[in-house]
2 protein chains.
Amino acid sequence: MTDGAHPQLQPVLDHLEAEFDNALARWQAFLRIPSVSTDPAYNDKTREAGQWLVDQLREIGFTADLRDTPGHPMVVAHHPGPGRGAPHLLYYGHYDVQPPDPVELWDSGPFEPRIVDGPRGRRMVARGAVDDKGQLMTFVEAFRAWQAVHGTLPVAVTAFFEGEEETGSPSLLPFLKQHAEELQADVAVVSDTGSWDVDTPAITTQLRGMLYTEVTVTGPSHDLHSGIYGGVAPNPANALTRVLGDLHDANGRIQVPGFYDAVVDPDGETRAQWRALGLDAEGFLGGIGVAASSGEQDRPFLERLWSRPTADINGIWGGYTGAGSKTVIPAQASAKVSFRLVPDQDPDAVLAGFRTFIAERLHPGCSFELHTHNGSPAIRVPTDSPYLQAARQALADAYGTQPVNIGCGGSIPVVGEFKSVLGIDTLLMGFGLEDDRMHSPNEKFELACFDNGMKAHAALLARMQAMGARRDAAE
Amino acid sequence: MTDGAHPQLQPVLDHLEAEFDNALARWQAFLRIPSVSTDPAYNDKTREAGQWLVDQLREIGFTADLRDTPGHPMVVAHHPGPGRGAPHLLYYGHYDVQPPDPVELWDSGPFEPRIVDGPRGRRMVARGAVDDKGQLMTFVEAFRAWQAVHGTLPVAVTAFFEGEEETGSPSLLPFLKQHAEELQADVAVVSDTGSWDVDTPAITTQLRGMLYTEVTVTGPSHDLHSGIYGGVAPNPANALTRVLGDLHDANGRIQVPGFYDAVVDPDGETRAQWRALGLDAEGFLGGIGVAASSGEQDRPFLERLWSRPTADINGIWGGYTGAGSKTVIPAQASAKVSFRLVPDQDPDAVLAGFRTFIAERLHPGCSFELHTHNGSPAIRVPTDSPYLQAARQALADAYGTQPVNIGCGGSIPVVGEFKSVLGIDTLLMGFGLEDDRMHSPNEKFELACFDNGMKAHAALLARMQAMGARRDAAE
């Protein structure tokens, strides 16, 4: 560590090295609990995983509890830190995991964590290895190491873990609103994104938002015989494809009226940094088995993934879909259509634009219904924030190289909720890799990434304390 | 009857009047047999319906048999007629019926035929009332009446009934080819179409053909997370809608290359006749609950139904279609797309055009497979044929008013097979009405239509004999 290096940090890093195998063992114990939140048959196990975290945090000097909700319980834990007005950090993670199926495609039991060799060294293989138990343990272990070496944490910390992230977090926003005072902090920390590669740390400075809609087109009052009525009867399946087929123009630009009006591109420096990352677009596409990309052809690849909005049909159905043939004009056809949003698109405005888009194109013999499943705006984390600077420094401390600022194509709704309910930004320091196989069989987390994660989080606590001290000195 | 009225016809018509209630009773006995060909649980009953026809025909003086096939048996029966080189007519029908479900929507048991009052008089309500048992019995009763009054039929007759029409007639073409010599005749007669209204007879002079295809678009090697990949990854559901959404232009014209090249419109006289029918387009559309029609807006309504080709999506599916939301880019999307064909479109040429249509529009990051479920060309029956003239006269005899020549939007593949295997045309004299609810609960057949049908078939036999006599005299 260079400028403002915290003398208390090195012994913590040494402790992490010495305790690595114990950290792995605790991580494996956590992974053995099959906390599959979507399946009520596992409700006890899901709760057990939450309780396991409560016990860990109590050992580390937190006051910690399981708090019941209509669904799976929340873990809420507080550590007062040095208690001298130090910065207060709110850490979030989730202790539930995706279902493991198809189980037969795993090389080992999804809940029997194994350490195996891979191209980049050893890796932990289990359901939840990276999403989210491995990532979550990087900071829990950092807390443990600080507490073990110094008998306290250098800043105040609140840990807040849910058990429903894989099922859409239905209890989270109500709980957050109800306990806003208790959960208030200066900044949040979430480890749910990725590093750039195994050796290059990254901090994610923007997430895309989401508008998820469903449209149903109707026409005739019942399914029709396509001989008796074909040629005059409006066909809702034809009408729906005519509408959705026009979502993009020939250059990949989305044609929903007003869609791009509120879009704010990242500043030139950020875009230049992204270009300098040198993403291998061909390799990226090759990894998913395609030879040509979609999207705005006049935009760089990473901008299309991180800072440009999208329109994807997630599902479409209507009419006869069984074996063989049935000569029917279907009475209705439907599609789930979702839009990844970017700053500063407003989900409500996009919904209104999509409604107009459909109405302008729909055959006059048909009508439609459009509703929303969920919507949340994009998030941009201010890069000039001292918190983000502290996070950048902590990553450099751990990896020995400067982090890159990256975007994320996906959405993390809790980050938007921390902003809207608590008024705080979130530091997105993640340690996953693109090939970790989240949501797939043989999910893994590189041990090198886990190790760097623990060290980066340990360093973050130091950097935050130093920042707080400078702030106090300045006042 | 006027010119060439057959003196032998009137006593046959009188006999039909006197025997009406007995004809209804026989028809009901036939309807009570639940000959549901698609359900193997009913195999015995389906066979029983075929046997019932064999017994009826033997009573009437035919030699008749059930002939086994890989599926349900064929009924083949011959009556030599007067044996003096008279015209030989081949009558076709089917003794199987659609499944009755949903049974709870029937006012009475689907296989408990009831005669009830309706807006146009009494009607028979049962599964198969019109499709096809009622229509089939109109000519079987005509045979019975001729035989009872005159001890013979005035022409040679072969009756050929299948039990698989509702399941796509898999045994028919092979049987026809195998027994072409035995089934050879001068012309075929099928009662499976409609009259114009309850008082106005019709002869159907053209049927549309069919090309039924299925297309599957693929892209990424597996379903993708729409955040991580959205904006660059081609989406097969988006790509499929883009292709199919372009099937029609803004005026309802199909954009498949070469689609209309081989289309031959009906002659001006036919088109004028159709215009003169004065179809109530608003009423037609109102009956299916729509206010605006699709199709070629510059073409009259009946031409769009009878003599213009169509492109309909019968089914479409891909991606996540369950409850709620799933942020997936589907790895594949599919659709069943069928085209009603008109003279002289060639199904193979249309398939080739559709393949080109897709290839020209599909996103380069996707690929597709296209295959055919079935295909058959349109049929036009020559209106100058003496057989058709005899049929027109017979209909006028029965109804007391000239028949109209109409088209049919649907397809009857056996008509094409009689042409291609036996080289003969088919007289499409049908007595159904648009609101008979074929394939639906509470299927019915008006007793007035049944009565007119029996009389028209009785008259047809006379008219055919007269035509044969004139032909012999001319030679």
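Residues numbered from 1 in each chain as written. Chains lettered and ligands numbered in written order. Predicted model: local features only at pLDDT ≥ 70, side-chain atom pairs only at ≥ 80, totals over all residues. Heavy atoms only, no water.

Trainee: Is there a simple way to explain the UniProt feature "domain: Peptidase M20 dimerisation" (unreviewed entry) in chain A in this structure?
Mentor: What UniProt calls "domain: Peptidase M20 dimerisation" (unreviewed entry) maps, in this numbering, to residues 208–364 of chain A. A distance of 35 Å separates the end C-alpha atoms of residues 208–364 of chain A, which is 32% helix and 20% strand. (UniProt positions renumbered as here; feature names shortened; annotations may be inferred. Helix = DSSP H or I, 4+ residues; strand = E, 2+ residues; numbered from the N terminus.)

Trainee: Sorry, what's going on with the interface of chain B and chain A here?
Mentor: A common way to express how large an interface is: the accessible area buried when the components associate. In this complex, chain B contributes 74 residues to the contact, which on the side of chain A involves 74 residues. Interface area, chain B with chain A, both sides summed: about 5500 Å², of which 55% is carbon and sulfur. Among the residues chain B hides against chain A, the three largest losses belong to Val232, Ile288 and Ile316 of chain B. Together they make up 12% of the total. Counting across the chain B and chain A interface gives zero salt bridges. On the surface where chain B and chain A come into contact, there are 40 residue pairs in polar contact (both at pLDDT 80 or more). Counting residues per element, the side of chain B that touches chain A draws most heavily on strand 11 (residues 312–319) of chain B, at eight residues. Each residue belonging to the side of chain B that touches chain A can be placed in one class, and the counts come to 31 nonpolar, 34 polar and nine charged. Where strand 11 (residues 312–319) of chain A meets strand 11 of chain B, five bridges bridge the pair, whose relative direction is antiparallel. If you follow Gly315 of chain A over to strand 11 of chain B, its bridge partner there is Gly319 of chain B. (Contact = heavy atoms within 4.5 Å. Buried area = accessible area lost by both parts, 1.4 Å probe. Salt bridge = Lys/Arg side-chain N within 4 Å of Asp/Glu carboxyl O. Polar contact = N/O pair within 3.5 Å; in protein donor to acceptor, adjacent residues only side chain to side chain. Nonpolar A, V, L, I, M, F, W, Y, C, P; charged D, E, K, R; others polar. Pairing = 2+ DSSP bridges.)

Trainee: So what exactly am I meant to see when it comes to empty space enclosed by the protein here?
Mentor: If a probe as big as a water molecule is rolled over the atoms, it shows which places are left empty. Scanning the entire structure with this criterion turns up three cavities of 30 Å³ or more. In this model, the largest cavity occupies a volume close to 50 Å³. Residues belonging to the lining of the largest cavity are distributed by class as follows: five nonpolar, four polar and one charged. (1 Å grid on protein atoms, 1.4 Å probe; cavity = no way out; pocket = protein on both sides within 12 Å on 5 of 7 lines; lining within 4 Å. Points joined across faces, edges and corners; volume = space filled by probe spheres on them.)

Trainee: Where do I start with the domain arrangement of chain A in this structure?
Mentor: All names here are of chain A. Examined at the domain level, chain A breaks down into domain 1 (9–207 + 378–474) and domain 2 (209–263 + 309–375). Placing the centre of domain 1 and that of domain 2 at their C-alpha centroids yields a distance of 39 Å. At the junction of the two partners, domain 1 supplies seven residues and domain 2 supplies six residues. Note on domain 1 versus domain 2: buried area summed over both sides is about 470 Å², and carbon and sulfur give 53% of it. The largest per-residue losses of area from domain 1 upon contact with domain 2 belong to Ala378, Arg380 and Ser411, which jointly make up 75% of the total buried on that side. Counting across the interface, domain 1 meets domain 2 through zero salt bridges. Here domain 1 and domain 2 share two residue pairs in polar contact (both at pLDDT 80 or more) between them. Tallied by class, the residues present in the side of domain 1 that touches domain 2 amount to two nonpolar, four polar and one charged. (Domains from an automatic or database assignment.)

Trainee: I would appreciate a short explanation of the packing of aromatic side chains in the present structure.
Mentor: Each aromatic ring pair is described using two quantities: the centre-to-centre distance and the angle formed by the ring planes. Under the defined criterion, the tally for this structure stands at 44 aromatic pairs over all chains. Arranged with centres 5.8 Å apart and planes meeting at 85°, the rings of Trp27 of chain A and Phe445 of chain A form a pair that is edge-to-face. A residue pair is termed long-range when its members are at least 10 positions apart, and Trp27 of chain A in helix 2 (residues 20–31) and Phe445 of chain A in strand 18 (residues 444–446) qualify at 418 residues. A relative accessible area of 0% means that Phe445 of chain A is categorised as buried. Here the aromatic rings of Phe354 of chain B and Phe357 of chain B are separated by 6.2 Å at their centres, their planes lie at 25°, and the arrangement is stacked. (Phe/Tyr/Trp six-rings, centres within 6.5 Å; stacked < 30°, edge-to-face > 60°. Buried < 20%, exposed > 50% of the residue type's maximum accessible area, 1.4 Å probe, protein only.)

Trainee: Got a minute to help me understand the relation of the copies chain B and chain A in this structure?
Mentor: Turning one copy of the chain about an axis and sliding it along that axis gives the other copy, so a rotation and a shift relate them. By a simple turn and slide, chain B fits onto chain A: the slide is 0.1 Å along the axis, the RMSD is 0.2 Å, and the turn is 179°. Read as a symmetry element, the transformation amounts to a two-fold axis. (Least-squares fit on C-alpha atoms with pLDDT ≥ 70 in both.)

Trainee: Got a minute to help me understand the sheet that holds strand 5 (residues 121–125) of chain A in this structure?
Mentor: Whether parallel or antiparallel, the strands of a sheet pair through hydrogen bonds between backbone atoms. Residue and element names in this part refer to chain A. With respect to topology, three strands assemble into an open sheet ordered 4-5-18, the strand pairing being antiparallel. Edge strands, defined here as strands with exactly one partner in the open sheet, are strand 4 (114–118) and strand 18. Along the sheet, successive strands turn relative to each other by an average axial angle of 35°, direction set aside. Helix 15 (residues 447–474) contacts strand 4, strand 5 and strand 18 of the sheet and is inclined by roughly 65° relative to strand 18. (Axes fitted to C-alpha atoms, helices over the stretch in contact; angles between N-to-C directions.)

Trainee: How should I be thinking about the packing of helix 2 of chain A against helix 15 of chain A in this particular structure?
Mentor: Helix packing for two helices is described by the angle between their axes and how far apart those axes are. All names here are of chain A. In the contact formed by helix 2 and helix 15, the axes pass within 12 Å of each other and the chain directions differ by 105°. Comparing their axes, helix 15 and helix 2 come out roughly perpendicular. Contacts between helix 2 and helix 15 involve Phe20, Ala23, Leu24 and Trp27 from the first element and Leu447, Phe450, Asp451 and Met454 from the second. (Parallel < 35°, antiparallel > 145°, perpendicular 65-115°, else oblique.)

Trainee: So what exactly am I meant to see when it comes to the pattern of salt bridges here?
Mentor: It is possible for side chains of opposite charge to pair when their charged atoms get near one another. Residue and element names in this part refer to chain A. According to the stated counting rule, one finds 52 salt bridges over all chains in the structure shown. Lys419 is paired through a salt bridge with Asp425; the nearest N and O atoms lie 3.0 Å apart. According to the relative accessible area criterion, Asp425 is partly exposed, its value standing at 22%. Asp436 is the partner of Lys444 in a salt bridge, and the nearest nitrogen-oxygen pair spans 2.8 Å. Taking the relative accessible area as the measure of exposure, Lys444 reaches 2% and is therefore buried. Several salt bridges share partner residues, and in doing so they unite Arg253, Asp265, Arg271, Glu296, Arg299, Glu303 and Arg308 into one network.

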